[in-house]
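Results of the structural survey
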Amino acid sequence: MKTLQIFQVDAFTSQLFKGNPAAVCPLETWLPDDLMQKIAAENNLSETAFIVPRGNEFELRWFTPVSEIPLCGHATLASAFVLFECLGNKQNEITFHSMSGALMVRREESKFVLDLPSEMPNRIESTTQIEHALKIKPVEVHAGKRKLMVVLKNQSEVQTVAPDFKLIKELPHEGVIITSRGDTVDFVSRFFVPKMGIDEDPVTGSAHTLLTPYWSKQLNKTALSALQISARGGELVCRLKNDRVDMVGHAKLYLKGEIFIS
């Protein structure tokens, strides 16, 4: 019988039961891919992160309940939290090697700063397929490499969208971000990703790699306050730095335990 450590962390929040929960499994060496996928499916969270030491740095992979993905912000933040707060890592900054290159997380007082590559979305024409899936007419539509970003009139519209997840699955994108200027923050968003086994992701770091460059240009500022207004909700400060984005947030430990594998 083999045992593995597991931690569950609520990321991008200072309150338990808010933000986005991620499972984190520290490993000594990589498990078979199919076993990591089964663990992620069993956890049934938006992401399960697996970390393996590489000298003083770490390798990092992320799995949704149905597949491995190339980038996940909140589970990267959760992984750094586990190393800093649970496993006694004494460094001020942790470097993760991933499918999206080197990602850094550093302490900033009681918060953590996640450094991710930014992505400038390209404006495209809206389609009836997009409008039927979201049941609303967008102000603008933009496409990233894997995600669609839809701009709406105001925060109220973002809050009240009730999408058709079956139709969203049929769109040629990994998922759909909806966004607008915020009432009390610079911008708000939600993210729908039923193709990955998650109808609505609570807080999405990777979505903010598109949102930050867009809203930075719209608002003519490089430091922006953001809310992801899902049912759980999440708070971020995003700082654009050329082709990178710093995302600042808190995290809270929910559980730690063991996985038993025959």
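Higher on the page you've got the structure.
Below you will find a few notes about this structure. (Residues numbered from 1 in each chain as written. Predicted model: local features only at pLDDT ≥ 70, side-chain atom pairs only at ≥ 80, totals over all residues. Heavy atoms only, no water.)

1. Looking at the overall build of the protein
Scanning the protein for helices and strands turns up 6 helices and 18 strands. Taking 2.2 N^0.38 as the reference for a compact globule, 262 residues should give roughly 18 Å; the C-alpha atoms of the protein span a radius of gyration of 18 Å, in line with that estimate. When the accessible surface of the protein is totalled, it reaches about 11700 Å², and 48% of it is carbon and sulfur. Taken together, the 29 basic and 31 acidic charged side chains of the protein have centroids lying 2 Å from each other. (Helix = DSSP H or I, 4+ residues; strand = E, 2+ residues; numbered from the N terminus. Rg over C-alpha atoms; globule rule 2.2 N^0.38 Å. Areas by Shrake-Rupley, 256 points an atom, 1.4 Å probe, with all protein chains shown as cover. Lys, Arg positive; Asp, Glu negative; His and termini not counted. Charge placed at Lys NZ, Arg CZ, Asp CG, Glu CD.)

2. Observations regarding unusual backbone geometry
Even without being a glycine, Lys-135 presents a positive backbone phi close to 60 degrees. Take Lys-135: its relative accessible area is 57%, and that puts it in the exposed class. At Asn-220, a position not held by glycine, the phi torsion is positive, near 55 degrees. Note on Asn-220: relative accessible area 72%, which makes it exposed. (Buried < 20%, exposed > 50% of the residue type's maximum accessible area, 1.4 Å probe, protein only.)

3. Overview of the side chain of Asp-186
Checked against the element boundaries, Asp-186 lands in the loop between strand S12 (175-181) and strand S13 (187-193). Judged by relative accessible area, which is 15%, Asp-186 ranks as buried. Within the local environment of Asp-186, its side chain forms a polar contact with the side chain of Lys-221, the two groups lying 3.0 Å apart. Excluding residues that lie within four positions of it along the chain, Asp-186 makes contacts with Arg-181, Leu-219, Lys-221, Ala-223, Leu-224 and Ser-225. (Polar contact = N/O pair within 3.5 Å; in protein donor to acceptor, adjacent residues only side chain to side chain. Contact = heavy atoms within 4.5 Å.)

4. Description of the pattern of salt bridges
This model, assessed by the stated rule, comprises 17 salt bridges. Its salt-bridge partner being Asp-10, residue Arg-232 comes within 3.2 Å of it at the nearest N-O pair. Note that Arg-232 is positioned in the loop between strand S15 (223-228) and strand S16 (234-241) and Asp-10 in strand S1 (residues 2-11), a separation of 222 residues in sequence. Judged by its relative accessible area of 27%, Arg-232 is partly exposed. Classification of Asp-10 by relative accessible area gives buried; the value is 2%. (Salt bridge = Lys/Arg side-chain N within 4 Å of Asp/Glu carboxyl O.)

5. Looking at helix H6 (residues 208-219)
In this model, H6 (12 residues) spans 15 Å end to end at C-alpha, consistent with the 16 Å of a helix rising 1.5 Å per residue. In terms of burial, H6 is a largely internal element, 9 of the 12 residues being buried. (Expected span 1.5 Å × (residues − 1).)

Interpretation in functional terms is not warranted from these geometric data alone.
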